[in-house]
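This is what each chain is made of:
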Amino acid sequence: MTLDLKGRIALVTGASRGIGYFTALELARAGAHVVAVARTVGGLEELDDAIQKQGGSATLVPMDLTDMTAIDALGGAIFERWGKLDILVANAGVLGTISPVGHIEAKVFEKVMAVNVTATWRLIRSVDPLLQASEAGRALILSSAAAHKCRPFWGPYSASKAAVEALARTWAAETERLPLRIVSIDPGATRTAMRAQAMPGEDPTTLPHPSEVAREIAALAGPDMRETGRLYIVRERRFADYVMP
């Protein structure tokens, strides 16, 4: 089935490159108006050009997600212009350093938590009423297998993604009787700058391009997606349940 998002408003964070960039493109291609958030103005402008070239439209929001006041203002601005939000793709995140837990600098740990966890919570708080105002709000929260594998030296990133999944699951449980649907997404290893930072010796051509992952993510943004409180594993193209140990 062809994804039809005409008339829908989609907010994508980390939209200037990688998975966020191509997800924004896919959503716009399907007819959504994309509110694209990222720190890099040049990347946002390139995205806007690409979206316009394919006949779509976007609103660019150059913003650092550690600016919590700006996140609050973003929700207000969306309300004033559209009165609702149909799709949230909380994609922005940072890796931190690959290091033993006891060697991590405080400022590195705090930045990972600020961008990956606190900003995601603040974003949820800002747009939750807007998503509930939609007849079929969809929140897609980017996570990682690192949240479950807890591999050596990945402490800050693993902890942050575990926290993000906990937030998403709690939010989903609180809203399960509403039309709003909330899922976490494990994109798997993807050919991105973050992956290259984490695994510098890896051949990137062995990994899926972010545009391939973006198509899977965008497909979950439509009104027909009924799952909530679950994890979508992109590589396996399936939803997984959370289970107790």
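Computed from a predicted model, the values in this text were never measured in an experiment.

**What about the environment of A146?**
Phase 1 of the analysis: In this structure, A146 sits in helix α5 (residues 146-149).
Phase 2 of the analysis: Among the residues examined, A146 registers a relative accessible area of 7% and is labelled buried.
Phase 3 of the analysis: Sequence-wise, A146 and P156 are 10 residues apart; in three dimensions their C-alpha atoms are separated by 10.0 Å.

**Remarks on the side chain of T23**
Phase 1 of the analysis: With respect to the helices and strands, the residue T23 is situated in helix α1 (residues 18-29).
Phase 2 of the analysis: Overall, the relative accessible area of 0% leaves T23 in the buried class.
Phase 3 of the analysis: Setting aside chain neighbours within four positions, we find T23 in contact with V89, A214 and I217.

**Topic: the pairing of strand β4 (residues 87-90)**
Phase 1 of the analysis: Along β4, one buried face is formed by I87 and V89 and the opposite face, lined by L88 and A90, is buried too.
Phase 2 of the analysis: Where strand β1 (residues 9-13) meets β4, 3 bridges bridge the pair, whose relative direction is parallel. From the neighbouring strand, L11 faces β4, where its bridge partner is L88.
Phase 3 of the analysis: Sheet analysis places β4 next to strand β5 (residues 138-142), joined by 4 bridges and oriented parallel.

**Examining the pairing of strand β6 (residues 181-186)**
Phase 1 of the analysis: Most of β6 sits out of view: 6 of its 6 residues are buried.
Phase 2 of the analysis: Of the two faces of β6, both are covered, the one formed by R181, V183 and I185 as well as the one formed by I182, S184 and D186.
Phase 3 of the analysis: Pairing of β5 with β6 involves 5 bridges; the strand directions are parallel. Each residue of the ladder has a partner; that of L140, found in β6, is V183.

**Things to note about the packing of helix α4 (residues 106-132) against helix α6 (residues 155-174)**
Phase 1 of the analysis: Between α4 and α6, whose axes approach to 9 Å, the crossing angle comes to 15 degrees. By the criterion of interaxial angle, the relationship of α4 to α6 is roughly parallel. Where α4 crosses over α6, the two elements pack in a sense that is right-handed. On α6, the residues touching F109, V112, M113, N116, V117, T120, W121, I124, D128 and L131 of α4 are P156, Y157, A159, S160, A163, V164, L167 and W171.

**Thoughts on helix α8 (residues 210-218)**
Two residues of an α-helix separated by three or four positions point the same way, owing to the 3.6 residues in each turn.
Phase 1 of the analysis: Counting buried positions along α8 yields 7 of 9 residues, so the element is predominantly enclosed.
Phase 2 of the analysis: On its buried face, α8 is in contact with α1, β4, β5, β6 and β7 (230-233).

**What about the pattern of salt bridges?**
Phase 1 of the analysis: Taken as a whole and assessed by the stated rule, the structure comprises 13 salt bridges.
Phase 2 of the analysis: Of the charged contacts, one joins R125 and D72 as a salt bridge, the two residues approaching to 3.4 Å between their closest N and O atoms. One end of the pair, R125, is in helix α4; the other, D72, is in helix α3 (residues 68-82), with 53 residues separating them in the sequence.
Phase 3 of the analysis: Judged by its relative accessible area of 28%, D72 falls in the partly exposed class.
Phase 4 of the analysis: The partner of E135 in a salt bridge is K84, with the nearest N and O atoms 4.0 Å apart. Note that E135 is positioned in the loop between α4 and β5 and K84 in the loop between α3 and β4, a separation of 51 residues in sequence.
Phase 5 of the analysis: The exposure class of E135 is exposed, given its relative accessible area of 52%.
Phase 6 of the analysis: One network of salt bridges, with partners in common, ties together R8, K84, D86 and E135.

**Remarks on unusual backbone geometry**
Phase 1 of the analysis: Although it is not a glycine, C150 sits at a positive phi angle of roughly 50 degrees.
Phase 2 of the analysis: Residue placement: C150 occurs in the loop between α5 and α6.
Phase 3 of the analysis: The backbone of R237 sits at a positive phi, close to 50 degrees, despite the residue not being glycine.
Phase 4 of the analysis: The topology assignment puts R237 in the loop between β7 and β8 (238-240).

**Points about the packing of α1 against helix α2 (residues 41-53)**
Phase 1 of the analysis: α2 packs onto α1 with a crossing angle of 25 degrees between their chain directions and a minimal axis gap of 10 Å. When the interaxial angle is binned, α1 and α2 end up roughly parallel. Judged by the twist between their axes, the crossing of α1 over α2 is right-handed. Across the interface between the two elements, Y21, A24, L25 and A28 from α1 touch G43, E46, L47, A50 and I51 from α2.
Phase 2 of the analysis: Here the residues of the contact of α1 with α2 are counted per class, giving 7 nonpolar, 1 polar and 1 charged.

The rules behind these values
- Numbers given for residues are sequential positions, taken from 1 along each chain in its written order.
- Side-chain atom pairs in this predicted model are given and counted only at pLDDT of 80 or more, local residue features only at pLDDT of at least 70, and totals for whole chains, interfaces and linings cover all residues.
- Side-chain numbers here rest on the full set of heavy atoms in the structure, without hydrogens or water.
- The helix and strand labels rest on DSSP assignments: H or I over at least four residues marks a helix, E over at least two residues marks a strand, and numbering proceeds from the N terminus.
- Throughout, exposure labels follow a simple rule: accessible area from a 1.4 Å probe, protein chains only, divided by the maximum for the residue type, with under 20% read as buried, over 50% as exposed, and the rest as partly exposed.
- Here a residue-residue contact requires only that any non-hydrogen atoms of the pair lie within 4.5 Å.
- For two strands to count as paired, DSSP must find a minimum of two bridges between them.
- Only C-alpha atoms enter the line fits that serve as axes; for helices the fit covers just the stretch in contact. Angles between N-to-C directions range over 0 to 180 degrees.
- Roughly parallel here means an angle under 35 degrees, roughly antiparallel means over 145, roughly perpendicular means 65 to 115, and every remaining angle is called oblique.
- Put simply, a crossing is left-handed when the front helix is turned counterclockwise from the back one by less than a right angle, and right-handed when it is turned clockwise.
- For this document, the term salt bridge refers to a Lys or Arg side-chain nitrogen within 4 Å of an Asp or Glu carboxyl oxygen.
- Polarity classes work like this: nonpolar for Ala, Val, Leu, Ile, Met, Phe, Trp, Tyr, Cys and Pro, charged for Asp, Glu, Lys and Arg, and polar for all others, with Gly in that last group.

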